[in-house]
Amino acid sequence: MSHLILLFSLFLAPAFADGGSQKSTQNLCSNYVSHKRQKRDWIWNQMHIKEEIDTPLPHHVGKITSSVRNNNAKYIIEGEYANTIFKVEETSGDVYAFERLDREKKAEYELTALIIDRTNNRSLERPSKFIIKVYDINDNAPVFVQKVFNGSVPEMSPVGTSVTKVTAVDADDPTVSGHATVTYEVTTGGEYFTIDDSGVIYTKEPNLDRETKSTYEIVVQAKDAPGFSGDSSTATVIITLSDINDNFPEFKHPASFHFKVPENISVGGEVGRVKVEDIDEPQHRNTRYSFIQGEFRDTFDIVANPYTNEGIIRPKKPLDFETVSEYKFSIEATDPTISLRHFKAGNPRSISTVTIQVTDVDEPPVFTKLPYEFKVRENHAEVKTLGSVHAEDPDAAKRKIRYIQRRASPKGDYVRVSNNGVIQLPKPLDREFSSSYNITVAAVEILEDGRLSDRESHAHVHVIVDDVNDNAPELVSPEEPRVCENAAPGKVIVRISAVDNDETSPRGFFRYSLATEDSNFSLIENYDNTANITVRYGQFNRELAKFHYLPVLISDNGDPDLTSTNTLVISVCKCNEKGNFTFCEERAKQVGVSIQALVAIFICIFTIIVIVLLILLRKRHKKDLSGLGRNVAEIHEQLVTYDEEGGGEMDTTSYDVSVLNSVRKNGLKAEAAPSLYTQVQKPAGNVTPGAGGMEMMIEVKKDEADNDRDLLPYDTLHIYGYEGAESIAESLSSLGSGSSDSDIDYDFLNDWGPRFKMLADLYGSEPSEDFMY
């Protein structure tokens, strides 16, 4: 029908064109007559052309016509495809297509028509746009938007469950009936799935089992609507069955499981694992294990591992080879999460037998009672034994047990345990030091050869110390109490409280009192374990006492009750009119030294004294050795060097030097004679002493010096005071120069060493009045 309409329009187009031309001619004539310009219009038929025309090119599209009558008129077209695909005949206005058109590429073309004077190229009419439409001929087959589609559906889904949707597109004109209509058909796999006209795929079979076949690959065909001879296309659809929990677990070894475990396995330890097979996917494996037969279901527990689905058997209580050496029971594996809708009839119960054999091991001793607790009164000297601990060898050997103390809290030798397990107290316990004492006792088996086993068990022993009232309450040191010197009677100075190291019951209380009533203070109890110190008479005298030492008695209500005396130091201060303290004396703080510090100081002092004594003894010993080591020659040298001076030039008989020389050389000793020390005097006048007296005096003094260690050395003032006679220059000795009027300071002789010590003693300081012989 559309073809007939197109042909009819083409036949009518020339007639319309001629009529338009005649009308234009009439109008032009009338215009010449009336000298009035009329509007001219373009006249052409609506242009259409079919796609993919198989006749030779060019193909006539249509004709453009203008009402202008001019022999020099020329038709031209402009636009995107003008003069390439489409061209116009200059004089007639016929439009031709020089290429075969494809509507699926471009459905219409928009061009512009112009008429100009070919002599001067002036436009004879306004340009006009026209459209060339391309008619569809249904030359395209439906095409799927992708070659492979994927879908998923749960296994065992009912018939008609939607799986997925496929889509095919036809490029033909959808406005033309039947040209763009697509129909679908399952060509491969139609026994399991079906598809509707919209492309939705549905299940056709109700019992699709993933465990039997998990993936289906079907082929879907898309083609034009029925009655059209268009081509078709196909696509592949991969359908995966998703898993549901529809299978029960089954034991891999349905006969039995056998395990061996030592009797000392810990509670909760792993005995063994039983394995099941569940063909569902891991997320749907929810196996539960249970005991169905056996007398020892309370001894073991079986729990499923969430990752491996294995059943782990664990003991719920300790195993004992000597009591039960073998356990045998039946277990069942099931899955409570399986839906009854998917239950497969005929599935058997999965049951297996488990045998657990307990093996014997050398176990450590077992204490019969745990823990151990004892009580004792503090400072109870008569209690030496609190009780005992006891352990036994659980094995058949029944070895003897030795007990050893491992740890103690607090550390120290407060609680002991003997080899046979007796808990002993080496000394009374003090609750104030610790209210409880704890020790850890190890029980060790004694082997047949007397050695101790390396396996041991431990028990905790707790000793509680009951309190005894053995501590008097003590005053809690308050801030420095102060009172104004003009305080009024009844003025509260300070509130005092006390503490007691003993246990104090909730109903316990302290009693406060003053040790003396002869003071300007009074004590008032508050009956809440505190008391107030107040002013009794008032008016303190700072000139008499700036500090008052108030003895306070504090008693507890223990049995027996204990009392302590505490001294409270109260400062008397100056105050202003408002009662504020303006000046207070600061009490000298007592600096205490610990016993340890005193012991250290005493040791240091004792060490210093010992060192000084040793130094003095060493010096004296050296001096004695030097005195004993002197020979006769040294003594004689001293006599010759420091001997008395003669009496002058005329004194030739005072002494005989040969005697001295003989004594020095021969070392002769004179016989013992009475001491002439008091008889040796300087002769008066011109009396010349004989040589015998001088010799005798020297020998006597020498013997005294050698034999008596308490005498002074021989070179002393006793000898140098013996002067010669008849000397014009009188005495030349320097011994008498100590009383001279010289102002020379001889203290520098002390720095010259021990050889000048005698001269330094003589000249360095004034002689003592007691230094007389």
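Before reading on, note that the structure itself is shown above.
Calculation notes
- Residues numbered from 1 in each chain as written.
- Predicted model: local features only at pLDDT ≥ 70, side-chain atom pairs only at ≥ 80, totals over all residues.
- Heavy atoms only, no water.
- Core = buried A, V, L, I, M, F, W, Y, C linked by side-chain atoms within 4.5 Å.
- Buried < 20%, exposed > 50% of the residue type's maximum accessible area, 1.4 Å probe, protein only.
- Helix = DSSP H or I, 4+ residues; strand = E, 2+ residues; numbered from the N terminus.
- Contact = heavy atoms within 4.5 Å.
- Pairing = 2+ DSSP bridges.
- Axes fitted to C-alpha atoms, helices over the stretch in contact; angles between N-to-C directions.
- Polar contact = N/O pair within 3.5 Å; in protein donor to acceptor, adjacent residues only side chain to side chain.
- Disulfide = S-S within 2.5 Å.

J.: When you look at the nonpolar core in this model, what are you seeing that I'm missing?
T.: It is characteristic of soluble globular proteins that their nonpolar side chains tend to be buried jointly. Ile-496, Ile-533 and Leu-568 are the most contacted members of the largest nonpolar core, which has 24 residues in total. Taken together, the elements giving at least two residues each to this core come down to strand S37 (482–484), strand S38 (492–499), strand S39 (511–514), strand S40 (521–525), strand S41 (530–535), strand S42 (547–555) and strand S43 (563–575). If we skip the residues at most four places from it in the chain, Leu-568 touches Leu-475, Pro-478, Pro-481, Val-494, Ile-496, Ile-533, His-548, Tyr-549, Leu-550 and Val-552.

J.: Would you mind going over unusual backbone geometry with me for this structure?
T.: Negative phi characterises most residues that are not glycine, and trans characterises most peptide bonds. In this chain, Leu-57 is followed by Pro-58 through a cis amide linkage whose omega measures -5°. Secondary-structure assignment places Pro-58 in the loop between strand S2 (47–50) and strand S3 (59–66). Here the amide bond leading from Leu-370 into Pro-371 is cis, since omega sits at -10°, within 30 degrees of zero. Along the polypeptide, Pro-371 turns up in the loop between strand S27 (366–367) and strand S28 (372–377). In the Ramachandran plot, Met-156 falls in the positive-phi region, its phi being about 60° despite a non-glycine side chain. Checked against the element boundaries, Met-156 lands in the loop between strand S10 (148–154) and strand S11 (162–165). Of the residues examined, Met-156 reaches a relative accessible area of 22% and is grouped as partly exposed. In this model, Asn-309 sits at a positive phi of 65°, which is unusual for a non-glycine residue. Among the secondary structure elements, Asn-309 is positioned in the loop between strand S23 (300–304) and strand S24 (311–315).

J.: Whenever I open this one, the sheet that holds strand S33 (residues 422–424) confuses me. Can you help?
T.: Taken together, the 3 strands give an open sheet; going across it, the order is S29-S33-S32, and neighbouring strands pair in antiparallel fashion. Here the strands that pair on one side only, and so sit at the sheet edges, are strand S29 (385–388) and strand S32 (416–417). Where S29 lies against S33, 3 bridges are found, and the strand directions are antiparallel. By the bridge assignment, Thr-385 is partnered in S33 with Gln-424.

J.: Help me understand the sheet that holds strand S16 (residues 215–224), please; the structure alone is not making it clear to me.
T.: Whenever strands of a sheet pair, they do so through backbone hydrogen bonds, lying parallel or antiparallel. Read from one edge of the open sheet, 4 strands run S10-S17-S16-S13, paired in mixed fashion. The sheet is open, and its two borders are formed by S10 and strand S13 (182–188), each paired with just one other strand. Averaged over all pairs of adjacent strands, the angle between their axes in this sheet comes to 30°, without regard to strand direction. When S16 meets strand S17 (residues 232–242), the two strands line up antiparallel, connected through 9 bridges. Along S17, the bridge assignment pairs Lys-223 with Ser-232.

J.: Would you explain the environment of Asn-286 in this entry?
T.: Looking at the secondary structure, you find Asn-286 in the loop between strand S21 (276–277) and strand S22 (288–293). Along the chain, Asn-286 and Ile-338 lie 52 residues apart, while their C-alpha atoms are 8.9 Å from each other. Sequence-distant contacts of Asn-286, that is, excluding residues within four places in its chain, are made with Asn-245, Asn-309, Thr-334, Asp-335, Pro-336 and Thr-337. A polar atom in the side chain of Asn-286 sits 3.1 Å from the side chain of Thr-337.

J.: Would you take a moment to explain the state of the cysteines for this structure?
T.: Note on terminology: a disulfide is the covalent bond linking the sulfur atoms of two cysteines. According to the stated counting rule, one finds 2 disulfides in the structure shown. Across the disulfide from Cys-484 sits Cys-575; the S-S distance is 1.9 Å. An S-S torsion of about -90° defines the bridge between Cys-484 and Cys-575 as left-handed. One end of the pair, Cys-484, is in strand S37; the other, Cys-575, is in strand S43, and 91 residues separate them in sequence. The buried category is assigned to Cys-575, whose relative accessible area is 17%. The connectivity of the disulfide-linked cysteines in the protein chain, indexed sequentially, is 1-3, 2-4.

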